[in-house]
Number of protein chains: 2
Amino acid sequence: MKKHTFVREPIVLDVNHMMSDIVGFQYGIDAGEVDAMADAAAAAQAAVAKNRGTGWLGWMELPYNQDEIVAKIEKVAQSVREQYDAFVVLGIGGSALGPIAVQQALNHQRWNDLPKEKRGGPKFYVEDNVDPERMASLLDVIDVTRTCFNIITKSGATAETMSQYLIISELLKKAVGEGWQRHIIATTDHEKGNLIKLAWEEGFETFYIPDGVGGRFSELTPVGLLPAAVCGVDIRAMLEGAAAMDTRLQSGDVWQNPALLEACLQYIAMEERHMNVQVVMPYADSLKYMADWFCQLWAESLGKNVTRKGMAVNCGQTPTKALGVTDQHSQLQLYTEGPYDKVITFLKVGTFRDEVTIADGCEQFADVHFLSGKTLNQLIDAELRGTEYALYSAGRMSQTITLTEVNAYTLGQLIYFFEIVTAYAGELLDVDAFNQPGVESSKLASYAVLGNTSEKYQRKAAEMKGRPEPLKKYTL
Amino acid sequence: MKKHTFVREPIVLDVNHMMSDIVGFQYGIDAGEVDAMADAAAAAQAAVAKNRGTGWLGWMELPYNQDEIVAKIEKVAQSVREQYDAFVVLGIGGSALGPIAVQQALNHQRWNDLPKEKRGGPKFYVEDNVDPERMASLLDVIDVTRTCFNIITKSGATAETMSQYLIISELLKKAVGEGWQRHIIATTDHEKGNLIKLAWEEGFETFYIPDGVGGRFSELTPVGLLPAAVCGVDIRAMLEGAAAMDTRLQSGDVWQNPALLEACLQYIAMEERHMNVQVVMPYADSLKYMADWFCQLWAESLGKNVTRKGMAVNCGQTPTKALGVTDQHSQLQLYTEGPYDKVITFLKVGTFRDEVTIADGCEQFADVHFLSGKTLNQLIDAELRGTEYALYSAGRMSQTITLTEVNAYTLGQLIYFFEIVTAYAGELLDVDAFNQPGVESSKLASYAVLGNTSEKYQRKAAEMKGRPEPLKKYTL
């Protein structure tokens, strides 16, 4: 594994533009409102701290308890790098969003376009859908005999992933014959579910998703670490960054613990200000899929219809992604003039890993020539500051998380930070942030549509017959 | 240009799951509410019809008035296909989202990954950001001497695009020398702005964005048609589809005109039900960037702080994208259990262009083996129906737009449909759907940050000094 010599600096949360001191009293949050939440915040922090490592908070210990696993991941990753031209993740949701985000953040932005010698690792694909055109197109561009497939599903029951497994294992058996099993790495529960049993039967290389780690909190397990290592990421630095963030989040004082402050501010935004939308807007292409990863974490954890005490609610905030500067030309008009219903979270990069100077020219056009000699780095930074200012002028709330540099260490911090914010926010809202009961109904209904004759699906099929018939006038 | 022999069938809007007849009275819309809007709807349709082709409704005539332009586009596209290995669009917002969406919808999903002979056209890149890492990574994978750059900006003043122009033209001058201008095609206004003047000076091949067509309504001009044609799309069929949709949208009767019905339903959802979020959820990877294209159209057109009569409002609905089935594993939990604040718009494909069968296997696991012999096509369809049902069960509104097949003809329909819906919605909300004044402040502030000494930027710089200083306690 190559070792990176990057800056190991803390990421910074700046919430000035959330506060009434800066954006004014109409929507800005008063420091006194945060103070009024001090007890609730301290209790949230204490509850999370008390339960760390147990129940569904198993993921909190991931920065510390994976020495042996990391060594094995590095060994297997090295062997994959040497043997294969392509590495394909078959997984969906929490088994896909993290691997995609980390690859985009830490590797060359045209990884698959690079010649093999420049990559130093296989081409990388994450197949998180069952669209037949997409699957067919994948098979057009990979040679399965030169490809390693990483099947990721904790339950081993994910219909999309197991369908992909059936398709791919059949192709491998035909194309590779004996030894086809060496093309498959299973990442799953250590004892429960179909995939681990299959792995035992077939002898697949296997990694485990530990107990107490749900899909959306699994990026720092082999789910995320193996794909990252295969593409040359320094996964030890990712875990180091996560550990460093953990040490910063030990205080129960809302003004000392950035994750606690963030959870309180979003709680106030959602519950007191009806800001039911949070826009995550990285000003860096490298971080654009981190926004998608966060969108799952935030939506699925907090979008709940019942509190832990069984009280009916419909809480949660809709996370949505925008990319700076690109979406200034798509969404900013709405953000500055539309309803006061959203908070903008900027992800900012201190120093980019490349610098591109805008060449001299266009002397005849003052506004264009003015850009000559400046760098794209200065331009993207100025546009972020311009957008923050425009939102401020319109009385809109924003906040900025700055990564001095995008690297494995700062990304590890960011992942852990968002996970803890989510856990705290779950406490404040008093919801179970770790389940997803609302997904089950769709799954049952899908299997019912497909004609599964098991009793639970047939019960759903019968229930579905109770839906009123569509009316013709509503179909144009 | 290759001619496609695809089905030319109308796309279908099904709003049953928006209506109280199906989803119940708590949130569902009653047919009587739509009837109550009949006059307003008729007036909206009449206003749009009356002004078609004039002012900012110039785009309505695009399906009919481009015979000569299309012939020229096809000729130039053919020459690009023969001469170049890569085709790079330099543009942002309305100059990028359409070209990206159409390429993804109509061409192979791993276009750049295919060998050249299978593509039959150049690699395709759309550079709609000024991230320095992204620009550097592009230059790592293209050979500028074998690349054609299409610079798209109507005003010729777009800072991002003109910066890219300066960088690329400098590289071309160095690498190509004499004749570097042949690598550039300008798409811009026919007489106003910097880029047309540059094109005259340098002799670039040039296409025009007609009067009366704003950026987000420009996909059916050379902005979208040239990139599509370069990648082999049948652009005449796109325009044919748009024309066919236009003929379907002539009625002032809300129950006869699907775009009018759609505009009314979204108006009621926004204004009466406080559904301030619209999720566009294609169940097809091919349509995922059509969702982004729609998100600009809807956000920038309707997100306004003043009516046409000058009354202060803060209207608009936040469009956000989800991908089926992928985001069932990310967002569906929130959609079924979170706040009643959103409408889900499914984009459904009747028949995919590939069929993939799930191979036999896993006899030992009933729920996995059950999938054997079914196709991914059946699975994705069942999951859409399962999700629609789950939303229905939870009292949530959804609607479905079905494309019998994704092809140039149906895509042309879809584009025109959404554009007209947006125009009607602007009428109903009584806002100017064709301007974007809210973007200006950010632009001025960015140039002020960059130190531009022109008076208007200096005035902004002075204004920016009035912002309160950040407080240390808000930075952790």
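Residues numbered from 1 in each chain as written. Chains lettered and ligands numbered in written order. Predicted model: local features only at pLDDT ≥ 70, side-chain atom pairs only at ≥ 80, totals over all residues.

*Asks:* Sorry, what's going on with the overall build of chain A here?
*Replies:* Along the backbone of chain A there are 19 helices and twelve strands. Taking 2.2 N^0.38 as the reference for a compact globule, 476 residues should give roughly 23 Å; the C-alpha atoms of chain A span a radius of gyration of 24 Å, in line with that estimate. Projected onto its principal axes, the C-alpha coordinates of chain A cover approximately 65 × 60 × 55 Å. Considering only contacts within chain A whose residues lie at least 6 apart along the sequence, 75% involve residues at least 24 apart. (Helix = DSSP H or I, 4+ residues; strand = E, 2+ residues; numbered from the N terminus. Rg over C-alpha atoms; globule rule 2.2 N^0.38 Å. Contact = placed C-beta atoms within 7 Å.)

*Asks:* Which parts of the structure should I look at to understand the nonpolar core?
*Replies:* Grouped burial of nonpolar side chains is what soluble globular proteins tend to show. Counting 328 residues, the largest nonpolar core has Cys264(A), Tyr424(A) and Tyr424(B) as the members making the most contacts within it. Setting aside chain neighbours within four positions, we find Cys264(A) in contact with Val34(A), Met37(A), Ala41(A), Val254(A) and Leu428(A). (Core = buried A, V, L, I, M, F, W, Y, C linked by C-beta atoms within 7 Å. Buried ≥ 20, exposed ≤ 12 C-beta atoms within 10 Å, placed from the backbone.)

*Asks:* Help me understand the interface of chain B and chain A in this model?
*Replies:* Reports of interface size often rely on the accessible area that becomes lost once the parts have come together. Listed as interface residues are 128 residues of chain B and, on the opposing side, 128 residues of chain A. At 14 residues, helix H16 (residues 376–393) of chain B tops the list of elements feeding residues into the side of chain B that touches chain A.

*Asks:* Honestly, the pairing of strand S7 (residues 277–282) of chain B in this entry has me stumped. Any pointers?
*Replies:* Moving residue by residue along a regular strand, the side chains alternate between the two faces of the sheet. Residues and elements named next belong to chain B. Burial of S7 is extensive: six of the six residues sit out of reach of the surface. Where S7 lies against strand S11 (residues 342–349), six bridges are found, and the strand directions are parallel. The partner of Val-279 across the bridge, within S11, is Ile-344. (Pairing = 2+ DSSP bridges.)

*Asks:* Looking at this structure, how should I read the sheet that holds strand S10 (residues 318–321) of chain A?
*Replies:* Across a sheet, paired strands are connected by hydrogen bonds in the backbone, their directions being either parallel or antiparallel. All names here are of chain A. Spatial strand order, S1-S12-S11-S7-S10: five strands in an open sheet with mixed pairing. For this open sheet the edge positions go to strand S1 (12–14) and S10, each flanked by a neighbour on one side alone. The mean inter-strand angle of the sheet, taken between neighbouring strand axes irrespective of direction, is 20°. (Axes fitted to C-alpha atoms, helices over the stretch in contact; angles between N-to-C directions.)

*Asks:* What should I look at first to understand the packing of helix H13 (residues 288–302) of chain A against helix H17 (residues 408–429) of chain A in this one?
*Replies:* For any two helices packed against each other, one specifies the inter-axial angle together with the distance between the axes. Residues and elements named next belong to chain A. As a packed pair, H13 and H17 sit with axes 10 Å apart at the nearest point and diverge in direction by 20°. Between H13 and H17, the angle is such that the two are roughly parallel. Here H13 and H17 pass one another in a crossing that is right-handed. From H13, Met-290, Phe-294, Leu-297, Trp-298, Ser-301 and Leu-302 reach across to H17, where they touch Leu-414, Phe-418, Glu-419, Thr-422, Ala-425, Gly-426 and Leu-429. Looking at the contact of H13 with H17 residue by residue, the class counts come to nine nonpolar, three polar and one charged. (Parallel < 35°, antiparallel > 145°, perpendicular 65-115°, else oblique. Left-handed = near helix turned anticlockwise from the far one by under 90°. Nonpolar A, V, L, I, M, F, W, Y, C, P; charged D, E, K, R; others polar.)

*Asks:* Is there a simple way to explain the relation of the copies chain B and chain A in this structure?
*Replies:* For the pair chain B and chain A, the best superposition has an RMSD of 0.0 Å and corresponds to a rotation of 180° with a translation of 0.0 Å parallel to the axis. Given the turn and translation reported, the copies of this chain are related as if by a two-fold rotation axis. Among all residues of chain B, the one whose C-alpha sits closest to the rotation axis is Thr320(B), at a distance of 3.1 Å. Comparing interface residues between copies, 100% of those in chain B also lie at the interface in chain A; the contact surface is shared. (Least-squares fit on C-alpha atoms with pLDDT ≥ 70 in both.)

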